[in-house]
Amino acid sequence: MRIDPVSLRLFVAVVDTGTIAAAAEREYIAPSAVSRRLSDLEDQLQTQLLQRSNRGIAPTAAGMELLGMARSVLNDLDDIQRQMRDFSSGERGLVRVFANLSVITEFMPGCLRSFMARHPQVQVKLEERISSAVLQGVASNAADVGLYAHGNSQADGLVSLPYRRDELVLAVPIEHALAEREHVGIREALAYDFVGLHNGSYINQELLKAAQEQDLPFRCRMQVTSFDALALMVEAGMGIALMPRLIGERFGRLFGLRILRLDEPWAMRELRLCVRDICNLPRAARLFVEHLRAEACR
């Protein structure tokens, strides 16, 4: 047995107004249709719900019990409709984002803060991935939006849009042989031990490629998974490291590191944003993409 929500709504209207005519007027339906709906509801429940008299209509004991349940059900249905409207408008939703470590560390904190202030009911699920895994995640629908370093990874079959640019710099301990320099070429830097990021990271790939082009070894003493760990290892004299300028300058102040410009064209790199299909993104994800691009233009 399935009870029609329309019949419940009409039942509540009749109890509220006291007459079928008044309920019909409130609900914009013919009185005969209201009467028929109520009779069908009583037949379905095999219970008298209303007492009819010259003074109007009043609920029976069973009707009073149904009245409370009906109001609760109708409120739940109204809430479902309201929440679904919020999803369709983008006021509510979930955005799945994969981004590489540089983007997360450099740009995401401020961007997420301003986005959540505008859209407090949208949840952003952010996960760190190397750039190639970002692209794979978006292509396989594990993420709605991807942010990655363009160059070693290609966004085949995806929509790829410009996001930001950043610069890779060299961080060295303050007592290092290169510490008095303002800038350095990669050939000179490769003469020293490095501290690297995890396998597959854009920065490690660039260092390996540069070492191969220079026909020099890339001496990586250890690998870590975050820029703060990278900076701490440099401070401890475990090696030198490449990192984005914004991050390098921040940790340089914290840990007393020297930050040197790298005289290589690939030190200036492009960060990009990718999606499967911009037109078919969920509304909340589209709002997030628009926010990312607007923030990048400031």
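Above this text is the structure in question.
Per chain, residues are indexed from 1 in the order of the written sequence. In keeping with the predicted nature of the model, local features appear solely for residues at pLDDT of at least 70, side-chain atom pairs appear and are counted solely at 80 or more, and the whole-chain, interface and lining totals rest on all residues. Excluded from the side-chain calculations are hydrogens and water; all other atoms, namely the structure's heavy atoms, are used.

Re the overall build of the protein chain
Helix numbering and strand numbering both begin at the N terminus, where a helix is a DSSP run of H or I of at least 4 residues and a strand a DSSP run of E of at least 2. Helix and strand content of the protein chain: 12 helices and 12 strands. In terms of principal-axis extent, the alpha carbons of the protein chain reach across some 105 × 40 × 35 Å. When the 298 residues of the protein chain are sorted by exposure, 44% land in the buried category. Counting only contacts in the protein chain whose residues sit at least 6 apart along the sequence, the fraction spanning at least 24 positions is 73%. Of the accessible surface of the protein chain, which amounts to about 15400 Å², a share of 50% is contributed by carbon and sulfur atoms. Residue burial is assigned from relative accessible area. The probe radius is 1.4 Å, only protein chains are included, and a residue is buried under 20% of its type maximum, exposed over 50%, and partly exposed in between. Any two residues having at least one pair of non-hydrogen atoms within 4.5 Å are treated as being in contact. All accessibility values rest on the Shrake-Rupley procedure with a 1.4 Å probe; residue burial counts only the protein chains present in the view.

What to know about the nonpolar core
Remark: nonpolar core denotes a set of buried residues (Ala, Val, Leu, Ile, Met, Phe, Trp, Tyr, Cys) joined through side-chain atoms within 4.5 Å. If you look at the biggest cluster of nonpolar residues, it comprises 64 residues, and the most contacted ones within it are Val145, Leu147, Tyr163, Leu170, Phe227, Leu273 and Leu292. Beyond its immediate sequence surroundings of up to four residues, Leu170 is in contact with Leu178, Val184, Ala189, Phe194, Ile240, Ala241, Leu242, Arg258, Ile259 and Leu260. Of all hydrophobic cores here, the second largest spans 20 residues; its members include Leu8, Val14, Ile57 and Leu67.

A few points about the side chain of Glu295
Within the secondary structure, Glu295 is located in helix H12 (residues 283–296). Looking at Glu295, the relative accessible area reads 14%, which means it is buried. Residues in contact with Glu295, not counting those within four places in the same chain, are Cys111, Ser114 and Arg164.

Notes on helix H10 (residues 227–235)
If you check which residues of H10 are buried, you get Phe227, Leu230, Ala231 and Val234. Projection of H10 onto a plane perpendicular to its axis shows the buried side chains occupying an angular sector of 95°, all on one side. This arc corresponds to the set of directions leading from the helix axis out to the C-beta atoms.

Things to note about the pattern of salt bridges
Any carboxyl oxygen of Asp or Glu within 4 Å of a side-chain nitrogen of Lys or Arg constitutes a salt bridge here. Scanning the entire structure with this criterion turns up 18 salt bridges. As a salt-bridge pair, Arg245 and Glu249 come within 3.0 Å of each other at their nearest N and O atoms. Here the residue Arg245 and the residue Glu249 both occupy positions in helix H11 (residues 245–255), the gap between them amounting to four residues, near one helical turn. For Arg245, a relative accessible area of 25% gives the class partly exposed. Taking the relative accessible area as the measure of exposure, Glu249 reaches 31% and is therefore partly exposed. Each of Asp16, Arg26, Glu27 and Arg71 takes part in salt bridges that share partners, so that together they form one network.

Quick look at the pairing of strand E6 (residues 159–172)
Judged by how many residues are buried, E6 sits mostly within the fold: 10 of 14 residues are covered. Pairing of E6 with strand E12 (residues 268–275), which is carried by eight bridges, proceeds in the antiparallel orientation. Across the sheet, the residue bridging to Val159 is Val275, located in E12. Relative to strand E10 (residues 241–244), E6 is paired through four bridges, and the arrangement is antiparallel. Two strands pair under a simple rule: DSSP has to find at least two bridges between them.

Brief notes about the packing of aromatic side chains
For Phe, Tyr and Trp, where Trp contributes only its six-membered ring, two rings pair if their centres lie within 6.5 Å, and the inter-plane angle classes them as stacked under 30 degrees, edge-to-face over 60, or tilted in between. Going through the model one piece at a time under the given rule, you end up with four aromatic pairs. Centre to centre, the rings of Phe251 and Phe255 are 5.7 Å apart; their planes meet at 20°, and the pair counts as stacked. Placement of the pair is Phe251 and Phe255 together in helix H11, with a separation of four residues, close to one helical turn. The criterion for a charge sitting over a ring is simple: Lys NZ or Arg CZ within 6 Å of the ring centre, and within 35 degrees of the ring normal. Here Arg129 stacks its cationic end above the ring of Phe98, 4.4 Å away from the centre of that ring.

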